[in-house]
Amino acid sequence: TRWFLALFFVVVAAFYTSRILILKHRTHETPVFSGRFGTLHWATHSVFRVFRALILVVCLARLGWPELDAYLLPIHDLWHPAVLLTGDALLLAAFATVVAIHFYMGEVWRSGTRAEERTRLITSGPFAVSRNPMMLGVATAQIGFFLALPSLFSLICLILGIWAVTAQVGVEERFLLDRHGRQYADYSLRTPRWLAFRRPLQRSS
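First, a word on what this report is: a plain description of the structure on this page. Counting restarts for each chain: residues are numbered from 1 in the order of the written sequence. For a predicted model such as this one, the threshold for reporting local features is a pLDDT of at least 70, and the threshold for listing and counting side-chain atom pairs is 80 or more; totals across whole chains, interfaces and linings nevertheless cover every residue. Working from all heavy atoms in the structure, the side-chain values ignore hydrogens and water.

This paragraph deals with the packing of aromatic side chains. The criterion for an aromatic pair is that two Phe, Tyr or Trp rings (for Trp, the six-membered ring) have centres within 6.5 Å, with stacked assigned to planes under 30 degrees apart, edge-to-face to planes over 60 apart and tilted to the rest. In the structure shown here, the tally under the stated rule is 11 aromatic pairs. Summarising the aromatic geometry, the rings of Phe 9 and Phe 145 are spaced 5.4 Å apart at their centres and angled 85° between planes, so their arrangement reads as edge-to-face. Of this pair, Phe 9 sits in helix α1 (residues 2-27) while Phe 145 sits in helix α5 (residues 133-148), and the two are 136 residues apart along the sequence. Phe 145 sits in the buried class, given a relative accessible area of 3%. Each ring, one from Phe 145 and one from Phe 153, has its centre 6.3 Å from the other, and the planes form 85°; the classification is edge-to-face. Exposure categories follow from relative accessible area, calculated using a 1.4 Å probe and restricted to protein chains: below 20% of the type maximum is buried, above 50% is exposed, and the middle band is partly exposed. The class of Phe 153 is buried, set by a relative accessible area of 13%. Ring pairs connect the aromatic residues Phe 4, Phe 8, Phe 9, Phe 15, Tyr 16, Phe 95, Trp 109, Phe 145 and Phe 153, which therefore count as one cluster. The numbering of helices and of strands both runs from the N terminus, where a helix is a DSSP run of H or I of at least 4 residues and a strand a run of E of at least 2.

Given below as structure tokens:
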């Protein structure tokens, strides 16, 4: 599990870095928009960036410094092979899902929203099952990380990560509703935000 986590997050970092660079080369603009400083949009992206980097550093450091685990304040009742392997499995399943959605979206994929960005509403494929399949995969991966390294550190990452995911979903859905109007409102009525509990949206004032 120690080696798995280190390799996993290196692969994730490499995937997103290459994905961003390739899209930037093809479209001549960055696909990542972090929002204006001080906004909720900016805050969610900042949390993701800080904790992605911190998780990568911690997982790599654990390879040469096993004693680091004690400083992460492990939750010993969960430190069991079955729990750790379940976390690894969730991480793999979530990442495979996210990668598949990336390929499905192609050059349409963006991280964050920008007022002047021209967007095409995708309602087919995985987006016919959930309005936010990518974010669902990210949230699943965060749960997987907590189980693969059960500790106070990973629990804090999980809590802040779930907050960032749900807050960013709210930002992006309001943007899409304002941009696509009735088309997105109808889509939200027939497609759940996650996998259940359909809830119509309201335009921002």
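Bringing unusual backbone geometry into the picture now. Most peptide bonds take the trans form, and the phi angle of most residues other than glycine is negative. In the Ramachandran plot, His 28 falls in the positive-phi region, its phi being about 65° despite a non-glycine side chain. Of note, His 28 is situated in the loop between α1 and α2 (40-64). Residue class for His 28 comes out exposed when judged on its relative accessible area of 71%.

What follows is about the pattern of salt bridges. Where charged atoms of side chains with opposite charge meet at close range, the side chains can pair. Note on definitions: salt bridges are taken to be side-chain nitrogens of Lys or Arg within 4 Å of carboxyl oxygens of Asp or Glu. In the structure shown here, the tally under the stated rule is six salt bridges. Arg 131 is paired through a salt bridge with Glu 173; the nearest N and O atoms lie 2.9 Å apart. Here Arg 131, found in the loop between α4 (81-105) and α5, pairs with Glu 173, found in helix α6 (residues 152-180); they are 42 residues apart in sequence, far enough to count as distant. Look at Glu 173 and you get buried, because its relative accessible area is 1%. One connected set of salt bridges, linked through shared partners, spans Arg 2, Arg 62 and Asp 69.

Okay, α4 next. The span expected for a helix works out to 1.5 Å for each residue beyond the first. Between the first and last C-alpha of α4 there are 36 Å, a value that for 25 residues agrees with the 36 Å anticipated at 1.5 Å per step. Those residues of α4 not exposed but buried are Leu 84, Gly 87, Asp 88, Leu 91, Ala 94, Phe 95, Val 98, Val 99, Ile 101, His 102 and Met 105. As for α4, its buried residues are in contact with α1 and α5. A positive phi of about 60° marks Gly 106, the residue just after α4. We call two residues contacting when some pair of their heavy atoms lies within 4.5 Å.

With 28 residues, the main nonpolar core has Leu 5, Phe 9, Ile 55, Leu 91, Phe 145 and Phe 153 as its most contacted residues. The leading source of residues in this core is α2, at six residues. With sequence-adjacent residues up to four places away left out, Phe 145 is seen in contact with Leu 5, Phe 9, Ile 55, Cys 59, Leu 91, Phe 153, Ser 154 and Cys 157. One finds Val 98, Trp 109, Tyr 184 and Ala 185 within the second-largest nonpolar core, a separate group that totals 13 residues. Only buried Ala, Val, Leu, Ile, Met, Phe, Trp, Tyr and Cys residues count toward a nonpolar core, and they belong to the same one when joined by side-chain atoms within 4.5 Å.

What follows deals with the environment of Leu 73. Tracing the backbone shows Leu 73 in the loop between α3 (68-71) and α4. Taking the C-alpha atoms as reference, Leu 73 lies 9.4 Å from Ser 154; in sequence the two are 81 residues apart. Dropping the residues within four chain positions of it, Leu 73 is found in contact with Ser 151 and Leu 152.

The next thing to look at is the side chain of Ser 154. Looking at the secondary structure, you find Ser 154 in helix α6. Residue class for Ser 154 comes out buried when judged on its relative accessible area of 0%. Polar contact criterion, stated in full: a pair of N or O atoms within 3.5 Å, where within protein one must be able to donate a hydrogen and the other to accept it, and residues adjacent in sequence count only if both atoms are side-chain atoms. Looking at Ser 154, its side chain comes within polar contact range of the main-chain oxygen of Leu 149, at 2.5 Å. Excluding residues that lie within four positions of it along the chain, Ser 154 makes contacts with Phe 145, Phe 146 and Leu 149.

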